[in-house]
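# Remarks on the overall topology
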Amino acid sequence: MSVQLEPELPTEVMEGVERGTEAPAWRHRHLLDTDVLSRTDLDLVMRTTDAMKEVLRRPIATVPALRGWNLTLLFYEASTRTRVSFEVAGKNLSANVVNIATGASSVTKGESLLDTIRTLEALGTRLLVIRHSVSGAPYLAARHFSGHVLNAGDGLHAHPTQALLDLYTLREHFGSDLTGRKVVILGDVLHSRVARSNIWTLTAAGADLWLCGPSTLLRGFETWARAGARGGRFTVTSDLRAALRDADAVMALRIQRERMSAGLLPSLWEYADRFGLTADRLALARPDVLVMHPGPMNEGVEIAPDVAAGPHSVITDQVANGVAVRMAVLQLLAGGVG
Amino acid sequence: MPQPDARRIMTADEIRRAIVRISHEIVEKQAGTEGLVLVGIQRRGVPLARRLADAISDHEGIRLPVGALDITFYRDDLSLIAQHPLVKGTDIPFDLNAVTVVLVDDVLYTGRTIRSAMDALVDFGRPQAIRLAVLVDRGHRELPIRADHVGKNVPTSREEIVKVRLSEIDDDEGVDIERLAPVAELVG
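Quick notes on the rules
Residues numbered from 1 in each chain as written. Chains lettered and ligands numbered in written order. Predicted model: local features only at pLDDT ≥ 70, side-chain atom pairs only at ≥ 80, totals over all residues. Helix = DSSP H or I, 4+ residues; strand = E, 2+ residues; numbered from the N terminus. Rg over C-alpha atoms; globule rule 2.2 N^0.38 Å. Buried ≥ 20, exposed ≤ 12 C-beta atoms within 10 Å, placed from the backbone. Contact = placed C-beta atoms within 7 Å. Domains from an automatic or database assignment. Arc of directions from axis to C-beta. Core = buried A, V, L, I, M, F, W, Y, C linked by C-beta atoms within 7 Å. Pairing = 2+ DSSP bridges. Axes fitted to C-alpha atoms, helices over the stretch in contact; angles between N-to-C directions. Expected span 1.5 Å × (residues − 1). Parallel < 35°, antiparallel > 145°, perpendicular 65-115°, else oblique. Left-handed = near helix turned anticlockwise from the far one by under 90°. Nonpolar A, V, L, I, M, F, W, Y, C, P; charged D, E, K, R; others polar. Right-handed = clockwise from strand over helix to strand, strands pointing away.

Within chain B one finds four helices and eight strands. The secondary structure elements of chain B, listed N-terminal to C-terminal, are β-α-β-α-β-β-α-β-β-β-α-β. Here the C-alpha radius of gyration of chain B, 16 Å, is about what a compact globule of 188 residues would show, namely 16 Å. Each of the three principal axes of chain B carries a C-alpha extent, and together these read 50 × 35 × 30 Å. Relative to its 188 residues, chain B shows a buried fraction of 40%. Put simply, of all contacts in chain B between residues at least 6 apart along the chain, 69% involve residues at least 24 apart.

To continue, consider the overall build of chain A. Tallying secondary structure elements over chain A gives 12 helices and nine strands in all. Within chain A, the proportion of its 338 residues that are buried is 49%.

With that out of the way, let us pick up the domain arrangement of chain A. All names here are of chain A. Partitioning chain A into structural domains gives domain 1 (39-158 + 320-335) and domain 2 (160-318). Each of domain 1 and domain 2 was reduced to a C-alpha centroid, and the two centroids are 25 Å apart. Taken together, the elements giving at least two residues each to the side of domain 1 that touches domain 2 come down to helix H1 (39-56), strand S4 (148-154) and helix H12 (315-335). Sort the elements by how many residues they give to the side of domain 1 that touches domain 2 and H12 lands first, with six residues.

Mapped onto the secondary structure, Leu-156 of chain A falls in the loop between S4 and helix H5 (160-174). Sequence separation between Leu-156 of chain A and Gly-136 of chain A is 20 residues, and the spatial gap between their C-alpha atoms is 9.3 Å.

Now for unusual backbone geometry. Note: most peptide bonds trans; most residues except glycine with negative phi. Backbone torsion omega between Gly-295 of chain A and Pro-296 of chain A reads -10°, so that peptide bond is classified as cis. Within the secondary structure layout, Pro-296 of chain A lies in the loop between strand S9 (290-292) and helix H11 (305-308). A positive phi angle is found at Ala-98 of chain B, which is not glycine, with a value near 65°. Examined against the element boundaries, Ala-98 of chain B turns out to sit in the loop between strand S3 (66-69) and strand S4 (100-108). For His-140 of chain B, which is not a glycine, the phi torsion comes out positive at approximately 65°. Mapped onto the elements of the fold, His-140 of chain B is located in the loop between strand S5 (129-137) and strand S6 (149-153). His-140 of chain B gets classed as partly exposed once you count the C-beta atoms within 10 Å, which come to 13.

What follows concerns helix H3 (residues 112-122) of chain B. Residues and elements named next belong to chain B. Among the residues of H3, Thr-113, Ile-114, Ser-116, Ala-117, Ala-120 and Leu-121 are the ones counted as buried. Around the axis of H3, the buried residues are gathered within 160° of arc, so they sit on the same side. Elements in contact with the buried residues of H3: strand S2 (36-41), S3, S4 and S5.

What follows concerns the nonpolar core. Residues and elements named next belong to chain A. Formed by 154 residues in total, the largest nonpolar core has its most connected members in Val-184, Leu-186 and Val-250. Counting residues per element, this core draws most heavily on H12, at 11 residues. Two domains each provide a minimum of three residues to this core, namely domain 1 (39-158 + 320-335) and domain 2 (160-318). Apart from the residues within four sequence positions on either side, Val-184 is in contact with Trp-210, Cys-212, Ala-243, Leu-244, Ala-247, Val-250 and Met-251.

Attention shifts here to the sheet that holds strand S7 (residues 235-237) of chain A. Strand pairing in a sheet relies on backbone hydrogen bonds. The paired strands run either parallel or antiparallel. Residue and element names in this part refer to chain A. Spatially, five strands are ordered S7-S6-S5-S8-S9 in an open sheet, and the strand pairing comes out parallel. The sheet is open, and its two edges are formed by S7 and S9, each paired on a single side. Averaged over all neighbouring strand pairs, the angle between strand axes comes to 20°, with direction disregarded. Pairing analysis gives five bridges linking strand S5 (residues 182-186) to strand S6 (residues 208-212), with the strands arranged parallel. Paired with Val-183 across the two strands is Leu-209, which belongs to S6. This element, H5, spans S5, strand S8 (249-252) and S9 of the sheet and lies at about 165° to S9.

Okay, helix H6 (residues 193-204) of chain A next. Residue and element names in this part refer to chain A. The end-to-end C-alpha separation of H6 is 17 Å, in line with the 16 Å expected for 12 residues at 1.5 Å each. Burial of H6 is extensive: 12 of the 12 residues sit out of reach of the surface. Considered for burial, the residues of H6 that qualify are Arg-193, Val-194, Ala-195, Arg-196, Ser-197, Asn-198, Ile-199, Trp-200, Thr-201, Leu-202, Thr-203 and Ala-204.

With that out of the way, let us pick up the packing of H1 of chain A against H12 of chain A. Residues and elements named next belong to chain A. Packing of H1 against H12 leaves a shortest axis separation of 8 Å and a crossing angle of 120°. Put simply, H1 runs oblique to H12. The interaxial crossing formed by H1 with H12 has right-handed handedness. Along its contact with H1, which presents Leu-44, Val-45, Thr-48, Thr-49, Met-52, Lys-53 and Leu-56, the element H12 presents Val-323, Ala-324, Val-325, Met-327, Ala-328, Val-329, Gln-331 and Leu-332. Looking at side-chain class alone, the contact of H1 with H12 contains 11 nonpolar, three polar and one charged residues.

This part covers the sheet that holds S4 of chain A. Residues and elements named next belong to chain A. Within the open sheet, the four strands sit side by side as S2-S1-S3-S4. Their pairing is parallel. With partners counted over all chains shown, the strands left at the sheet margins are strand S2 (96-101) and S4, one partner each. On average, each strand axis in the sheet is inclined to that of its neighbour by 15°, with strand direction left out of account. Here five bridges tie strand S3 (residues 127-132) to S4, and the two strands are oriented parallel to one another. Bridging from a neighbouring strand, Ile-130 pairs with Asn-151 of S4.

Residue and element names in this part refer to chain A. Note that strand S1 (residues 70-75) and S2 share six bridges and pair parallel. Paired with Leu-73 across the two strands is Asn-99, which belongs to S2. Once you follow S1 into helix H2 (residues 81-92) and on to S2, the crossover reads as right-handed.

Let's shift gears to the packing of helix H3 (residues 113-122) of chain A against helix H4 (residues 137-144) of chain A. The description of two packed helices rests on the angle between their axes and on the distance between the axes. Residue and element names in this part refer to chain A. Running from N to C, H3 and H4 point in directions that differ by 45°, and their axes come no closer than 10 Å. On the basis of their axis angle, the class for H3 and H4 is oblique. Crossing angle aside, the handedness with which H3 passes H4 is right-handed. Contacts from Leu-113, Leu-114 and Ile-117 in H3 reach Ala-137, Leu-140, Ala-141 and His-144 in H4.

Structure representation (structure tokens):
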């Protein structure tokens, strides 16, 4: 069932950047998914994130980079960490941050997404962060919005800043070259926009990517794996032991009960029994394996509480890195030529 | 490498002598090395600050702390520059409270970089004083800023570029005046 070929790496590198004075330009007007980000783009985001981490360590962790910029957070779906992370990131860059809870807005009176976007534009928003339960909604917004759109998660489709913070967290531990590092995404891949965005970035980074879960939650991914993503092929399997063996990092995904249609899982108990990330199973991985989770967690289902809080866990690092990555992306979009 | 019609206004030897002279001026003005730190502005201010620390170490026998300051996040022209500079990072591994900071940069021009650098510095603490050392002052200030220590004053026109090349970064050593390429955006 698994497909494993040599990863085909893009040859473009950061040549000339060390000695030149100018960055390779950031040419993306929006951040809708990671599929359009080249290896050079990813390196630029990572290096800008390094600088943002340094800002976060300062006695006054605020810089005036986005002074005068209006940043609006438009969340049509529940979120804690992503929304707060974007809000903190915007404030650390001195942007004016407006938060819209759609449940308390004109959306409840039937205002359409496009009308809401036009209204926000008329109110001076230049950076618009959208989360929406419909895949593709931020793309529609980007076609009609004069500023910059950042996708904070759309349906099952994409969650680019999560994939970028995951990449940053991996590079923080393994160095900037992830070539050959075995990274396992475990669980409800089918409903996961996090998994989809991570496929683009992790293959582009040269990682040995494995997707593992019950076959009902991997439907369609084998075809994608054979075709390959940006940087090459990846492996799709329901064989948990094969996936975890000698893994450098394991990312457990939340079982998305709210999106689960009937028949995909017999029960949560059976899922936990067969695919839950427990300390016993983690012992198959490398001794220094990293345990990741995009949150929020169903502890005791996809991940055991002692693993989530254990010595291998970098889950709180992911959250902290999320702020720095989002600061980097906001800075690049505002200052880019796209 | 310099453009064919470039004019060299400082040779490697002249840069070396200017660094030695400024290093003496800095210590003289402070009446010693007590409470002095050097902070280079990325990118060519950083190797210049290290050279000043080396020169001071040579004649005073004291190694001053050297930091690096990136002012990208403090620029007031983020939306004006076509291709924004790569963030090279800030590294100030010492306390800035109550010390005399000598900011070091290669070229003083409009003064906007220095304004940004001072905004950045005061976010790290409250220095006793901030002084400014530059290798070249080319005039055309747009803000009320002047340098305390200058390697060379060079009258220029706005159509010219002053290009400082340092061996640590550039495979060459010297200061040249070049003509501004007709369509290039002004970044400095």
